[in-house]
Amino acid sequence: MASAVPGAKEKGDEGSHHPIPEHQMGNGCSSSVGHGGGISHRNHLRKGNFHTKLHLEHLAEKLKLLGLDGDKGEKEKICSWRKRTFLSNGPRDDGDPNGAPIKESVQEDGEQICSYLENLKKHKEELLELKMNGERRCQDFMTRTEAERQKIVSGFRQIRCFLKEKEVMLLAQLGELDRAVLRRQEEEEAKVEGDISLLSILICEMEEKLKRPTHGFLQDARRTLDRWEMGRTQRMMENFIDVERRLHIISQQHQILCEALGRFQDLLSSELEREEGTSEEEGKAFVTLDPTTATAGLVLSRDRRGVRWMDIGHNVSPCPQRFDVSCCVLGCQGFTSGQHFWDVEVISGGTWALGVARSSVPRKGWLTFHPDYGIWAMGCCRNGYRAFTSPPSTLPVSGNPNRIRVVLDYGGGRVIFYLAAQKDPIYAFQNASFYGESIFPFFWVGRGSHLRLCP
C-alpha cells in the first residue's frame, strides 16, 4: 500500500493537468493525494468545470485506494447512485457497454413522466369541467333570481296600482262630494235670496194691512207664515241628508281599506317571519293584535304589538268581531294544531289578564273569564295574581313580574303560563276543551294597564 500511494500521487498530478478521456469512465481514473494524505482535486471544482459523473468515478477510485470501498452491497449502491446521477445529467450514447441499460432506464422514466403528464391533463380537464359547471350553476341562479325579481316587481306594482286606484276613487268621490256641496250651497243661497224677496213683499203687504186691523186677516197671515217656515226648514234638512250619507259611506270605505291593509301587513309579517325561520326557538309564534276585535277603550300601537288602556274611548267602526264592553282584544292569528308560545311584557298597570280564547267567545256584554266560556287566562286583579278558574286560583307570585310566557299545546289540551327566568310553570290548565275551534291569543287590559308582546 505504501508503494501504491506515490504512484497514485503521480497519476493524480497528471490527471489534475490533463482532461481524462471519457472511455476510462468504466475503469476508474487517477487522482492526486496531497501532502499529509489529503486529497487534492481543486482544478475540477472550478466554476464551469464540474462534471457529476466524472467526480463520482474519482470518488469510487479514491475509496478503493484508501481501502474504504466496502463490501459488495455498498458497491452496488454506489453503482446505482452513479447510474442515477448520470441519468440525471442526460443520456449519452458513445458506444459504451452500459449504454443499453441507461437507455432502458431513460425509457422507463419517460413512460412514468408520460403517465404523470396524463394524470395532470386529466386533473386539468376535471377542474375545467368543474369550473364550467360552476359557471352554469351561477348563470342558472342568476336567471332564477332575475325571474323572481321580475315577479316581485310585478306583484308589488299590481298592489300599488290597486291602492292607487282606490286612492283615486276615494279622492274623486270626495271631490264630487265637495262640488255637490258647493252646488247645494249655491242653490240654497239662490232660494234664500228668493225667500228674502218674498218675505219683503209679505212684510210690505202686512204693513199695509195693519193699518186696517182685522182679526181673521191676522190668523190667516200667521198660518201662512208658519207653513212657510216649516217648509223652509224641511227643505234645508232634505238637501243635506244625502250629503251626510255619502260622506259617511266614503269614510266607511276608507276605514275598511285601512283595516284590511293592517291585517294584510300583520299576516305578511307573520308569514315572512315564519318562512325565514327567524325565531330562535321552535314553536315561537309571532303574535300581532287584531284591531277589529279591540274595544273602543283600547289603543293599539302602530306595529299592532302593544295595547294600552285609555280613559276616553275613541270612535271605532262597528263590526261583529269587536268586544263592545269588556276591554279585550284578540290576536290576528288563530291556532288549530301544534304547540305555540309567545312572551308578553307587562309595562304598567294594576289589572290585566292574558291567555287564549276560542273563536266563538262572546263579543257582546261583560265576559266571564272561565274555561267553560272559552277563555283560559291568568292575570293580576285586586292586587293579587290569579288563574281565572271557578273560583279563581291564587298564584304564588311575588313582586311584579314583567314578562310572562303563554304556551298553547293544542293537541294536548293544555294552556301553561311561565314567569321570566323560571323553568317551572306558575299555572297550567289541563284537559282544555277546544272543540276543534281556532284558539286566539287573548288580552284583557284594565285601567292604566299597558301590555306589549316581546320580540
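Below, the structure is looked at part by part. (Residues numbered from 1 in each chain as written. Predicted model: local features only at pLDDT ≥ 70, side-chain atom pairs only at ≥ 80, totals over all residues. Heavy atoms only, no water.)

Some points on the overall build of the chain
Item 1. Scanning the chain for helices and strands turns up 5 helices and 15 strands.
Item 2. Counting only residues that meet the buried cut, the chain has 29% of its 455 residues in that class.
Item 3. Counted over contacts in the chain with a minimum sequence separation of 6, partners at least 24 positions apart contribute 66%.
Item 4. In the form shown here, the chain has an accessible surface area of approximately 30,400 Å², with 56% of it arising from carbon and sulfur atoms. (Helix = DSSP H or I, 4+ residues; strand = E, 2+ residues; numbered from the N terminus. Buried < 20%, exposed > 50% of the residue type's maximum accessible area, 1.4 Å probe, protein only. Contact = heavy atoms within 4.5 Å. Areas by Shrake-Rupley, 256 points an atom, 1.4 Å probe, with all protein chains shown as cover.)

Examining the nonpolar core
Item 1. Of all hydrophobic cores here, the largest spans 53 residues; its most connected members are W342, W352, L354, F369, F442 and F443.
Item 2. Per element, the largest residue contribution to this core is 6 residues, and it comes from strand β14 (residues 439-445). (Core = buried A, V, L, I, M, F, W, Y, C linked by side-chain atoms within 4.5 Å.)

Observations regarding the pairing of strand β15 (residues 450-453)
Item 1. Alternating positions in β15 separate cleanly, L451 and L453 being buried on one face and H450 and R452 remaining unburied on the opposite face.
Item 2. With 3 bridges connecting them, strand β4 (residues 306-309) and β15 associate as antiparallel partners. Its bridge partner being in β15, R308 is matched across the sheet by H450.
Item 3. Strand direction decides the pairing type here: strand β6 (residues 339-348) and β15, joined by 4 bridges, are antiparallel. Paired with V346 across the two strands is L451, which belongs to β15. (Pairing = 2+ DSSP bridges.)

Details of the pairing of β6
Item 1. Both β6 and strand β11 (residues 403-409) contribute to a ladder of 7 bridges, which runs antiparallel. What sits directly across from F341, in β11, is V407.

With respect to the sheet that holds strand β7 (residues 352-358)
Item 1. Strand order in this open sheet of 6 strands is β5-β14-β7-β8-β9-β10, and the pairing throughout is antiparallel. Edge positions in the sheet fall to β5 (328-330) and β10 (393-394), since each has one partner strand and no second.
Item 2. Examined bridge by bridge, β7 and β14 share 7 bridges and lie antiparallel to one another. Within the sheet, the bridge partner assigned to A353 lies in β14 and is W444.

Describing the pattern of salt bridges
Any two side chains of opposite charge can pair, so long as their charged atoms come close to each other.
Item 1. Following the criterion strictly, the structure yields 12 salt bridges and no others.
Item 2. When the shortest N-O distance is used, the salt bridge between D140 and R144 registers 3.8 Å. Of the two residues, D140 and R144 are both situated in helix α4 (residues 99-210); the distance of 4 residues between them amounts to about one turn of the helix.
Item 3. E148 is paired through a salt bridge with K151; the nearest N and O atoms lie 3.3 Å apart. Here E148 pairs with K151, and both are found in helix α4, just 3 residues apart, close to one helical turn. (Salt bridge = Lys/Arg side-chain N within 4 Å of Asp/Glu carboxyl O.)

Digging into the sheet that holds β11
Item 1. Sheet architecture is open: 7 strands sit in the order β3-β4-β15-β6-β11-β12-β13, paired in antiparallel fashion. Strands at the two margins of the open sheet, each flanked by one partner only, are β3 (298-300) and β13 (427-429). In this sheet, neighbouring strand axes are inclined to one another by 20 degrees on average, regardless of whether the strands run parallel or antiparallel. (Axes fitted to C-alpha atoms, helices over the stretch in contact; angles between N-to-C directions.)

Notes on the packing of aromatic side chains
Item 1. Applying the stated criterion across every chain, the model contains 9 aromatic pairs.
Item 2. Ring centres 6.2 Å apart and planes at 75 degrees place the aromatic pair F417 and F429 in the edge-to-face group. With F417 in strand β12 (residues 414-419) and F429 in strand β13, this residue pair connects regions lying 12 residues apart in the sequence. We note that F417, like F429, is buried. (Phe/Tyr/Trp six-rings, centres within 6.5 Å; stacked < 30°, edge-to-face > 60°.)

What to know about a negative patch on the surface
Item 1. A contiguous patch of negative charge, built from E186, E187, E189 and E193, is present on the exposed surface.
Item 2. One can find E193 in helix α4. (Patch = residues over 30% accessible without salt bridge, like charges linked within 9 Å, V, L, I, M, F, W, Y side chains within 5 Å. Lys, Arg positive; Asp, Glu negative; His and termini not counted. Charge placed at Lys NZ, Arg CZ, Asp CG, Glu CD.)

Some remarks on the environment of C327
Item 1. Tracing the backbone shows C327 in the loop between β4 and β5.
Item 2. C-alpha separation for the pair C327 and A296, spaced 31 residues apart in sequence, amounts to 7.9 Å.
Item 3. With residues up to four places along the chain from it excluded, the contact list for C327 reads T295, L298, W309, F443, W444 and V445.

Regarding unusual backbone geometry
Item 1. Put simply, S390 and P391 share a cis peptide bond, and its omega is -5 degrees.
Item 2. The residue N431 is not glycine, and still its phi comes out positive at about 55 degrees.
Item 3. Locating N431 in the fold gives a position in the loop between β13 and β14.
Item 4. Under the relative-accessibility criterion, N431 is labelled exposed at 69%.
Item 5. Even without a glycine there, the phi angle at Y435 is positive, about 55 degrees.
Item 6. The residue Y435 is located in the loop between β13 and β14 in this model.

Quick word on the side chain of T293
Item 1. Checked against the element boundaries, T293 lands in the loop between α5 (215-276) and β3.
Item 2. For T293, a relative accessible area of 3% gives the class buried.
Item 3. Among the polar contacts listed, one links the side chain of T293 to the backbone nitrogen of L330, at a separation of 3.1 Å.
Item 4. If we ignore the near neighbours within four places in the chain, the residues touching T293 are Q321, R322, F323, C328, V329, L330 and R363. (Polar contact = N/O pair within 3.5 Å; in protein donor to acceptor, adjacent residues only side chain to side chain.)

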